[in-house]
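Per-entry structural report
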Amino acid sequence: MLPETVALTSSMPMLLGALIFGYLLGSIPSGVLITRAAGVGDVRAIGSGNIGATNVLRTGRKGLAALTLIGDALKGALAVWIVGRFASDAALLAGLGAFLGHLYPVWLKFKGGKGVATYLGVLIAVAFPGALVFALVWIAVAVITRYSSLAALIAAVAVPIALAFYGDMRAAQLFTLLSILVLIKHRANISRLMSGQESKIGSKG
């Protein structure tokens, strides 16, 4: 976990480099690469067309979905950890970059995923207690409702509140921004949830 308060000692080029490095790492499309390597085609052509683990699960290959989840989370965590070894005050920017890279990857014409796994990976590296909050809330909501999107939305709202309560204000500020982006990327899911048309976990539709 990163220190809660870090003096901004890095130069502007270092901060910009951290953001760009995080973006390039985050823009690696794990779901697309994994499904193609497994011979099941392009995940963007099935289900919701999303590149994340939930849509990969609709291939019926749970192992591929798990690998996608790990890959998307790992790139967020690695961005923070790697940059944090050289400039701890730039690590949060690397995490932001990784998240933006997943949402808007240059390799896929800026049409990426919804960011939940990468959000979690960044959270694990930045503030592990917040990751526990996210996981517990997600599991509870998912078990009760079987809606992955609803679980992610509620967990994303809970995280900044938990981080602020914990006293980690820098992380709370970062994840307020990330949570807003998660909500924006899930606006179609929110609409389907309200109309009762959202697919549940395990559905191939």
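Rules behind the numbers
Residues numbered from 1 in each chain as written. Predicted model: local features only at pLDDT ≥ 70, side-chain atom pairs only at ≥ 80, totals over all residues. Heavy atoms only, no water. Helix = DSSP H or I, 4+ residues; strand = E, 2+ residues; numbered from the N terminus. Rg over C-alpha atoms; globule rule 2.2 N^0.38 Å. Buried < 20%, exposed > 50% of the residue type's maximum accessible area, 1.4 Å probe, protein only. Contact = heavy atoms within 4.5 Å. Areas by Shrake-Rupley, 256 points an atom, 1.4 Å probe, with all protein chains shown as cover. Lys, Arg positive; Asp, Glu negative; His and termini not counted. Charge placed at Lys NZ, Arg CZ, Asp CG, Glu CD. Polar contact = N/O pair within 3.5 Å; in protein donor to acceptor, adjacent residues only side chain to side chain.

Time to look at the overall build of the protein. A tally of helices and strands in the protein yields ten helices and zero strands. The helix and strand sequence of the protein, counted from the amino end, reads α-α-α-α-α-α-α-α-α-α. In summary, the protein has a C-alpha radius of gyration of 17 Å against a globular reference of 17 Å for 205 residues, a match within 12%. The principal-axis extents of the C-alpha atoms in the protein amount to approximately 50 × 35 × 25 Å. For the protein, buried positions account for 46% of its 205 residues. In the protein, the share of contacts with a sequence separation of at least 24, taken over all contacts with a separation of at least 6, comes to 64%. Carbon and sulfur atoms provide 71% of the accessible area of the protein, an area that totals close to 9900 Å². The centroid of the 17 positive side-chain charges in the protein is displaced by 14 Å from the centroid of its 6 negative side-chain charges.

Here we take up the side chain of Ser-149. Mapping Ser-149 onto the fold places it in helix H8 (residues 148-166). A distance of 2.6 Å separates the side chain of Ser-149 from the side chain of Glu-198, its partner in a polar contact. If we ignore the near neighbours within four places in the chain, the residues touching Ser-149 are His-186, Asn-189, Leu-193 and Glu-198.

Counting through the fold element by element, His-102 comes out in helix H5 (residues 91-103). On the accessibility criterion, His-102 (3% relative accessible area) is buried. Sequence-distant contacts of His-102, defined by excluding residues within four places in its chain, comprise Gly-26, Ser-27, Ile-51, Asp-72, Lys-75, Gly-112, Gly-113, Lys-114, Gly-115 and Thr-118.

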